[in-house]
Every structure is written in C-alpha cells, then in structure tokens.
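# Inside the fold
Here is what each chain is made of, one letter per residue.
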Amino acid sequence: MNNFKRRVRIYKKKAKRWVHRNRYAFYMSVPYFLLDIITRLMGHISYYPVFFPIPNIFTFLWIFLFVGIIMSFKGIIQKLLYWIFFFIAFSLYLVNNVYYSMTSFYFSFNLLQSTGEGKDYLLDAVLGANKLIYIFAFFIFILALVIFIKWPKTKHYHFKRFGIVIVAFLILHTLAPFLYGAKGDNLKWNNFKNDRVVYENFNEPNKSMKVSGLYEYTARSFYIEYIKPEEKISKEDKAFLDGIYSAEDTKTPNDYTGLFEGKNVIFLQLEGMDSWALSEKHTPNLYKLRKEGINFKNHYSIYTGGGSTFNSEFAVNTGFTTPISFIENVYNYNSNSFPYSMPRMFKKENYRVNAFHMNSGEFYSRAINYESWGFDNYYGLIDINNYDDDSYKLDRELINNKTFEELMFEHKPGELFVDYIITYTPHTPFTTEKGVGQLLAEEKYGDNIPELSEEDCVYLDVEETDKMVGLMLQKLKERKLYKNTVIVAYADHYLYTIEDKSILDKHKETSNNLINHTPFFIWCGDKKIFHSAKIDEVTMQMDILPTVLNLFGIDYNSNYYLGSDALNPKRKGYAFFSDYSWYDGSSYVENGRVTQGKKMKNSKIQEISSKIGDLIRQNDLTLKFNYFSSSE
C-alpha cells in the first residue's frame, strides 16, 4: 500500500513538473480557443450547442498543431510563427463574425469568386458590424500580446517534437469525424439534421461552423473550394446535355399565353392536401377556387426520395426534381446555380418574391436554399415570433400574424409581388391527444371532445387550411388585390403520413404509384379575362413552372425545364416515378409492361420509356454537375 502511495506521489510530481514546463503552451492556447468559442456563440443558430464535444475536439486538435509547431522552434522563427498563426486565427475570427453580422451566414472561400460585387460595401459592413466583435477582439489581442511578452526564451529546436505533433494530428484528425456517428441513409427526409452529413457535405456554412469549429470549418472550406478533386462529367454526358440545352426552343404561343401578364401571384403549397381531402364539405374555399379555376385533373406530386415536401418546393421553383439515378437530397444543392428559377424569372419582370412558412429557415435548410433560388426573403413564423404553444402550426397564423400580413399584402402602388406560401396544419400525427389536432378539437368541441378517427382528424386539419385560404381571400379583397392576383395551388404530396392505410384504400388507387394523385389548380379573381377549365393531360410538379411562366407572358426557354406548359393543346403529358414506372393518362407502365389501364404496343412503350429515361438522365446530370453554373 505504501509502495502504491509512493508511486502516486511520484506521478503527481511528474504531472506537476510537466504542467509547469508546458504552462506557456496552455496559456498560448487560450486566445485560439476564445476566438473559436466566441465565433460560434455570436452566431444565433439553433443547431448544435457550443458545449457539444465534437467541434471542441476539432478545435483542440488544431490548437495542438499550432502550438506544437511553434514550440518546436526557437528564436526569431518561433516569434514569427507565433504571430503568423495568431494573425491567421485572428483574421478568421474577424472575417467570419463581420460577415455573419452583415449576412447571417459565416464566410466560406467560395465567396471570394464574387468579391467584386461587395467591395463597395466593405467599409460599411466593417463599421456596421456588431460592436461586441471588436470589443472581444481587442481583449484577445491584448491577451496574446501579454503571453508573447511573458514567453520564455526557447534554447533548442525540437524537430522530434515537430514530427510527433504532425503525425499525431493527422491520425487524430482522420479519426475525429467518426465521432459524429454514421451518415445513415442519404435519402432519409431528415438527413439534413445528421451531423456527419452536414460535416461531409459542407454546403451550409452556419451548420458546418457549428459542428466543426472555426479552424476545422476554415480548413474544410479551403479544401472543398481549392483542393478537393471534382468529379468530371464525361464527354458523352456533356454532349447529351449540350444537345438538350442548345437545341432550338420549339414552344409556341397558345390561347393562355400572357393571360395573367401584370398580375400578382400567390403560390400556395398545400401540405398533405390529398385529392380526397379537398371537398366541398370540408374545404369549401379551396373547392370554389378549383371549380372557378383551371383544374389539372390528372396531377401527380411525384416522390423521388428525401423529404417530399421540400421536393415539391424544389421542383416548382427550379423545374427539376430529386435525383433518381443516384442518392442525394435536393436540399444539398444550394450551391448549384439556378439562373432560370421561378424567383429569378419573375424578378426580371420587377416582381418582389418572398416565401412564407411556419417553420424556421434552418429546417430543410430553407433559408439558404431559397436564397440560392433567388428569393428576396424566406420568412419563418418561429424565426420572427416566440410562441408558448403549438398555435404557430395553425395555418390561419400565416395570415393572422400581423408581420406576415404586412409582408404578404403591403405593397407600393403598382408594385407586383410573388408570395410563396407553404401551409402545415394537415401534418402527422392525426390525433386529438396532442399538437395541432388537440388545439383544433378543443376549439371546436370544448371540453367534450368526441372520439375521432384518424380520418376525422384529417378533415379537422384540412378545414383549418381552408380557413386560412378564406382569410387570405378576405385580405386580398380588403387590400384591393383580389382581381389582380392569381393563385397557383397544389399539394406537396398525398397523405402518406396517415397511419391507417385503409383510409387511403377507400378513397384512391393505392396499388401502385398512381397513389401520388393530388390537386393542382390555378385561379384568378379577374373574371373578365378568365374562365374555368378542366385539363385532362397528366401533370407533375415540374410542369407547374413552365405553365405559370407562359400564363404570365414571361419569355423562357422550354429546354431549360424538365416539364412543359400544361396548357399547350399539342402537349402529351407524363408522370414518372423513382422506379422508372410512368403514366400517360391512360396506361400505367411498370417494368416495361402495362399493369393498369389501356393496352399499348411494345414499340410505343419502348419509345416513351426511352423518353422518360432521357428526362431522368437530364435531371440527374444537370444537378450533379451543376450544369447551369456557366450560364451565370
């Protein structure tokens, strides 16, 4: 026992001597650590708290590298290294925090490509940044100066230490990402929350900073922008895309071309509004709009992987869809170029273009995606308001919220606008025991809530969405915008979130991909120029954008979109799905044969299947290799 105590004392003395000998290394680490911690704290991002271990582990590894290299040298070289490493870290702190203060995003090296656009505003950005940035910077610089002045002279070079530091850093740095856990299934709808995915994809600066820390974030940004080898498109694939996008635009005007020119437009994306849920009984406002408008009876909200709600947003705004031939979620394409997106096409016509939803800009990475598409702003209710209950999930709040009301409907005389509104209420779970269902049931029944089936709860939810539509129409009338506004309404997906699948069996085809049938209609309050119509040709989300552009008389190249103008009388429409099955309105073809509907010759099946295959190839190659980047 005495021998054990003696050994403990010996080890304690050795530890104290080691700490004392290396105390200046610990002192030197403090400024670096503060620069990182303050940078992450200054970013008001509700993702990955500062105290979580992984980013701090990365920060400690980089500090270990910096300090280890400095301490391996002596004299003037050591002094130079001290200030070189410090000023690099200090500059990273200032650049990231000033840029975040100006834009709400951290800096990344790809922004250097567009420095010319912001050089005129650089001084204003520096002067207008959060003053705390400079207060912290001043104290950290003084701290670094004091440490430098107190630094004892190093008598020897330590090249062995240098080698050990480099090797240890490389090994530990290689292993560190595994601490995030597995990437999981790339097509999980909520994979945007997966820390490993955020770290490896590195396409969201704010999240990437939060999971990596200042130094690892900078190293990853530099690596991805300047070092990481890009997968090159093959000559064959490049020729395939060039042939499509350089071809003559064959679209022709039709009776609907320019019908709505000079009018406002509201894109109304209806969460979970299945074809059977929209009815005269439960959604009278939507039913009326569909009856009075252009009703696309054979519309399909196709699901090709990832989050189906965001997939519809992506398709309507860009004209493309989630890749089918390889695994990737579309919210990861926020660094791609979309010069022909819906917002950019309307902004060329001097429209203001804003998006509105209850959820935060972080969810599905909407804030950064909507910016990449060209929106002026993405507004999330929970980003601008504090709610004590689930009332923000009620669709009526999108209109009743005074801030949202002004942003949607307050416009200068003669100013045109596009409002992209995403509803939420018909969202799982469909129950009266919690969440939205409980709020709506208590409002309708008070304390005596009857036992409601899941189907009853669905109707309760869609009725709430319909009330929001009624409020929206009322506001348009109050603001004298009713006759000059067009509503483009469509569902994001069928109600696949419902647990009792027998409900779906009762209302629609469920044995194949035709289950994706959903509502899509376009309405205008100006009855002098507009009359109701029913379109039987098949449509899907990618057809919405070219159809709307034609209606508003906005010149576009039809080759730049996967879909086509659904109001072209010569058009033949198709819906295709992730298993390469397709539907033309009369025949459903799966695995090369008709499994439902009208029989078809094999030659015709092969012809259409080849066309669908080319569309999928066009979609996937365009996204994978960011084809339109050369257009900007």
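Before reading further, recall that the structure is shown in the block above.
Residues numbered from 1 in each chain as written. Predicted model: local features only at pLDDT ≥ 70, side-chain atom pairs only at ≥ 80, totals over all residues. Heavy atoms only, no water.

### A closer look at the pattern of salt bridges
This structure, assessed with the given rule, holds 31 salt bridges. The shortest N-O distance in the salt bridge between Glu200 and Arg196 comes to 2.6 Å. Within this pair, Glu200 and its partner Arg196 are both found in helix 9 (residues 195–201), separated by four residues, close to a single helical turn. Assessed through its relative accessible area of 12%, Arg196 is described here as buried. Notably, a salt bridge pairs Arg479 with Glu406, separated by 2.9 Å at the nearest N-O pair. Here Arg479, found in the loop between helix 21 (454–478) and strand 6 (485–491), pairs with Glu406, found in helix 19 (residues 402–409); they are 73 residues apart in sequence, far enough to count as distant. (Salt bridge = Lys/Arg side-chain N within 4 Å of Asp/Glu carboxyl O. Helix = DSSP H or I, 4+ residues; strand = E, 2+ residues; numbered from the N terminus. Buried < 20%, exposed > 50% of the residue type's maximum accessible area, 1.4 Å probe, protein only.)

### Some words on the sheet that holds strand 1 (residues 264–270)
Sheet architecture is open: eight strands sit in the order 4-3-5-1-6-7-2-8, paired in mixed fashion. In the strand order of this sheet, the two ends are held by strand 4 (377–380) and strand 8 (533–540), each with one partner. Between one strand axis and the next, the sheet turns by 15 degrees as a mean value, whatever way the strands run. Strand contacts of helix 14 (residues 308–318): strand 1, strand 5 (416–422) and strand 6, with the helix running at about 160 degrees to strand 5, the strand carrying the most contacts. In the packing of helix 23 (residues 541–551) onto the sheet, the strands contacted are strand 1, strand 2 (294–300), strand 6, strand 7 (520–524) and strand 8, and the crossing angle to strand 8 comes to about 135 degrees. (Pairing = 2+ DSSP bridges. Axes fitted to C-alpha atoms, helices over the stretch in contact; angles between N-to-C directions. Contact = heavy atoms within 4.5 Å.)

### Brief notes about unusual backbone geometry
Between Thr428 and Pro429 the backbone carries a cis peptide bond, its omega angle lying at 0 degrees. The backbone of Asn591 shows a phi angle near 55 degrees, a positive value even though the residue is not glycine. Looking at where Asn591 falls in the secondary structure, it is placed in the loop between strand 11 (587–590) and strand 12 (593–597). Using a relative accessible area of 73% as the deciding quantity, one classes Asn591 as exposed. Backbone geometry at Asn626 places phi at a positive 50 degrees, although glycine is not the residue there.

### Let's talk about the pairing of strand 6
Among the seven residues that make up strand 6, seven are buried, leaving the element largely enclosed by the rest of the structure. Of the two faces of strand 6, the one holding Thr485, Ile487, Ala489 and Ala491 and the one holding Val486, Val488 and Tyr490 are both buried throughout. In this sheet, strand 7 lies alongside strand 6 in antiparallel orientation, the contact comprising five bridges. Across the sheet, Ala489 pairs through a bridge with Phe521, a residue of strand 7.

### A closer look at helix 16 (residues 366–373)
Since one α-helical turn is 3.6 residues long, residues separated by three or four positions face the same way. The buried count for helix 16 comes to six of eight residues, which makes it a mostly enclosed element. Within helix 16, the full set of buried residues consists of Arg366, Ile368, Asn369, Tyr370, Ser372 and Trp373. In this structure, the buried residues of helix 16 make contact with helix 10 (205–212), helix 14, helix 15 (342–347), strand 3 (351–357), strand 4 and strand 5. Phi turns positive one or two residues past the end of helix 16, at Gly374, with a value near 110 degrees.

### Here's the deal with the nonpolar core
With 84 residues, the main nonpolar core has Phe267, Phe346, Tyr420, Phe552 and Phe576 as its most contacted residues. Setting aside residues up to four positions removed in sequence, Phe576 forms contacts with Ile302, Ile324, Met540, Met542, Leu562, Ser581, Trp582, Ile612, Leu615 and Ile616. Listed in part, the 53 residues of the second largest apolar core include Phe73, Trp83, Val98 and Tyr215. (Core = buried A, V, L, I, M, F, W, Y, C linked by side-chain atoms within 4.5 Å.)

### Regarding the sheet that holds strand 11
Ordered in space as 9-10-11-12, the four strands form an open sheet in which the pairing is antiparallel. Edge positions in the sheet fall to strand 9 (575–576) and strand 12, since each of these pairs with one other strand and no more. Relative to strand 11, strand 10 (residues 582–583) runs antiparallel, the two being bridged by two bridges. Each residue of the ladder has a partner; that of Tyr583, found in strand 11, is Tyr588.

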